Amino acid sequence: MKKICIFCGSSMGFDTIYREGAVKLGQEMANRQCELLYGAANVGLMKVIADVMLENKRKVIGTITHHLKNLHVGADGIDELYVVDTMAERKKLLEDMAEGFIAMPGGFGTLDELFEVLVLSQLRVFDKPVALYNVKGYFDKLIEYINHAVEEGFIRKEHANNLIVSDDPKELLDRMEKFQPVTVGKWIDDIHKETEKPLTIIGITGTLGAGKGTIVDYLIKEKGFVHYSVRAYIAEEITRRGMEVNRDTLTLVANDLRASHSPSYITDQLFERAKKAGKNAVIESVRTPGEIYSLRQKGKFYLFAVDADQHLRYERIHLRGSETDHVSFETFKANEEREMSNTDPTKQNLGVCIKEADFVFVNNGTIEELHQQVENVLMKLQ
């Protein structure tokens, strides 16, 4: 990298350290046999660094507008001078000729030139390094602003990291030599994903027979949600393994999947299906704290829990009469107690799941009353 464009002030600054910094940078560039491209002014830090390069017999190329030249601020005695009509032409000429850019302390013009080349680098209009020569911490507040913009989601971290910063001329030029640009396709894809309307994912947890299916049916029929069932997913796996689907095998296989992969494995698989469908989804039944944690990391997720009187729930499961529900009340209670708490993160812990829920519905009344509870919550979310 030989042709380096310097953006800097047409003023000297109040502290002599800025002049000293310009001399050090000019000397390091001269030692490396670099060429200087700059705004061709014969004042300020521009003149200082140009003089150093000329004293060391290194090539100096300047561009200036007719307007500025007529104000008698144009440099004399440099190797090449281009006089153009507009500031835009002046910048374009420097951008095309240079192989890298360094901003030294300066004012509005310096910042204008700096941010223009940063944008061109970001968009891969060119793949040239851009650096801040941070003499006396001059750009610290600017760096603080850039970091703030990263934290607020307006500048991507990889683009902020593209900007090379140092107060040491040798380190600055060494890092510029090693510069590698960020791939455009990756961050453009990320922006598209971020711009898409986030999916609403509702997880359903709760005790057996409390009314999880009733809430699911309401979300499907009235709100257009797509349904993904943990129970159905596990049943598919049980069938694939050639086992009988019952409450014991449902628990056994679910725990095995979570232990073999991760505590959130099953709901993670269902989330991926929901994401591919691109529609708001309800995932039934969330049963481990790990599943809740994982789903909360994925975006717009709410956990609904539903509970009801234990005797009432037992009556309901007998009425629906599925193959896993033909048990005595004592067995029903024992199964529930086993599932309500567990120190193993891969196993069911309904007690913690219900406590972690964003909204808890008590379903001791009619279906219509439960629907109204759900509708009230959805209105709050909107």
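Look above for the structure.
Residues numbered from 1 in each chain as written. Predicted model: local features only at pLDDT ≥ 70, side-chain atom pairs only at ≥ 80, totals over all residues. Heavy atoms only, no water.

**Concerning the sheet that holds strand β11 (residues 300-307)**
At step 1: Pairing in this open sheet of five strands is parallel, and the strands run β9-β10-β8-β11-β12 from one edge to the other. Sheet topology places β9 (226-229) and β12 (359-362) at the edges, where each strand pairs with a single neighbour. Going from strand to strand, the sheet's axes swing by 25 degrees on average, the running direction of each strand aside.
At step 2: Looking at chain direction, strand β8 (residues 200-206) and strand β10 (residues 281-284) are connected through four bridges and run parallel. Within β10, the residue paired with I202 across the bridge is V282.
At step 3: Along the sheet face, helix α13 (residues 265-277) touches β8, β9 and β10 and points at about 160 degrees away from the line of β9. (Pairing = 2+ DSSP bridges. Helix = DSSP H or I, 4+ residues; strand = E, 2+ residues; numbered from the N terminus. Axes fitted to C-alpha atoms, helices over the stretch in contact; angles between N-to-C directions. Contact = heavy atoms within 4.5 Å.)

**Things to note about the packing of aromatic side chains**
For any two aromatic rings, the description comes down to two numbers: the centre-to-centre distance and the angle of the planes.
At step 1: Throughout the structure, instances matching the rule amount to nine aromatic pairs.
At step 2: Where F7 meets F101, the ring centres are 5.8 Å apart and the plane angle is 15 degrees; that geometry is what we call stacked. Of this pair, F7 sits in strand β1 (residues 3-7) while F101 sits in strand β5 (residues 100-103), and the two are 94 residues apart along the sequence. Here F7 matches F101 in class, with each residue buried.
At step 3: Between F101 and F126, the ring centres sit 5.5 Å apart and the planes meet at 20 degrees, which makes this aromatic pair stacked. Highlighted residues: F101 in strand β5 and F126 in the loop between α5 (108-122) and β6 (130-133), separated in sequence by 25 residues.
At step 4: F101 gets classed as buried once you look at its relative accessible area, which sits at 0%. (Phe/Tyr/Trp six-rings, centres within 6.5 Å; stacked < 30°, edge-to-face > 60°. Buried < 20%, exposed > 50% of the residue type's maximum accessible area, 1.4 Å probe, protein only.)

**Description of helix α12 (residues 247-260)**
At step 1: Between its first and last C-alpha atoms α12 spans 20 Å; for 14 residues at 1.5 Å apiece the expected length is 20 Å, and the two agree.
At step 2: Within α12, the full set of buried residues consists of R247, T249, L250, T251, V253, A254, N255, L257 and R258.
At step 3: Elements in contact with the buried residues of α12: α11 (230-240), α13, α14 (289-296) and α16 (329-340).
At step 4: Here α12 starts with a cap whose side-chain oxygen sits 3.0 Å from the backbone nitrogen of D248, and that cap is N246. (Expected span 1.5 Å × (residues − 1). Polar contact = N/O pair within 3.5 Å; in protein donor to acceptor, adjacent residues only side chain to side chain.)

Just distances and angles here, no functional claims.
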